[in-house]
Amino acid sequence: MPQVQPVDLYKGENRTFTLYARNASNNVQTLTGATLTWYVGRPPNNPGQDQNVFTGSGTIVSTVAGTYTMVVTPGNTSNLTPGNYQYLTDMTDTNGNVTVVTVGRFTLKPYI
């Protein structure tokens, strides 16, 4: 099971999140030679919307510790309705194998 980590931010905010990749046994996922792609998708209460609302690339911070960053820019959220979405991060290893290493709720709060 991948690491479950919630992400919260305000609409239009520029944020960098540090996340932790884990393998199916919940051990640290080594990121040596890997590429990371994260996807923010449908709100949990809207199963009819199966398209990603935006995607991005993760930047590896530590290959051994399995840490990486996910950058969300104002352009990613400016046209979204505040609420709860879902995200996941895929890791593609040097052999082309794809594994989900992080998942969670992506909460977008209204800008005050």
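If you're wondering where the values come from, they're calculated on a predicted model, not measured in any experiment.

Undergrad: Is there a simple way to explain the side chain of Thr-69 in this structure?
TA: Position of Thr-69 among the secondary structure elements: in strand S6 (residues 67–72). In this view, Thr-69 contacts Thr-16, Phe-17, Thr-18, Ser-57, Gly-58, Thr-59 and Val-61; residues no more than four positions away in its chain are not counted.

Undergrad: Help me understand the environment of Val-71, please; the structure alone is not making it clear to me.
TA: Turning to its location among the elements, Val-71 is positioned in strand S6. A relative accessible area of 36% means that Val-71 is categorised as partly exposed. Taking C-alpha positions, Val-71 is 5.9 Å from Arg-15, a pair spaced 56 residues apart along the chain. Excluding residues that lie within four positions of it along the chain, Val-71 makes contacts with Asn-14, Arg-15, Thr-16, Trp-38 and Asn-76.

Undergrad: Looking at this model, I keep getting lost on the nonpolar core. Mind explaining?
TA: Buried together is how nonpolar side chains tend to be arranged in soluble globular proteins. Counting residues in hydrophobic clusters, the biggest one holds 21 residues, and the most contacted among them are Val-7, Met-70, Val-72 and Phe-106. Elements supplying a minimum of two residues to this core: strand S2 (7–10), strand S3 (15–20), strand S4 (35–41), S6, strand S7 (83–92) and strand S8 (98–109). Beyond its immediate stretch of four places on either side in the chain, Met-70 contacts Val-7, Arg-15, Thr-16, Phe-17, Leu-19, Trp-38, Tyr-87 and Phe-106.

Procedures and definitions
- Residues numbered from 1 in each chain as written.
- Predicted model: local features only at pLDDT ≥ 70, side-chain atom pairs only at ≥ 80, totals over all residues.
- Heavy atoms only, no water.
- Helix = DSSP H or I, 4+ residues; strand = E, 2+ residues; numbered from the N terminus.
- Contact = heavy atoms within 4.5 Å.
- Buried < 20%, exposed > 50% of the residue type's maximum accessible area, 1.4 Å probe, protein only.
- Core = buried A, V, L, I, M, F, W, Y, C linked by side-chain atoms within 4.5 Å.

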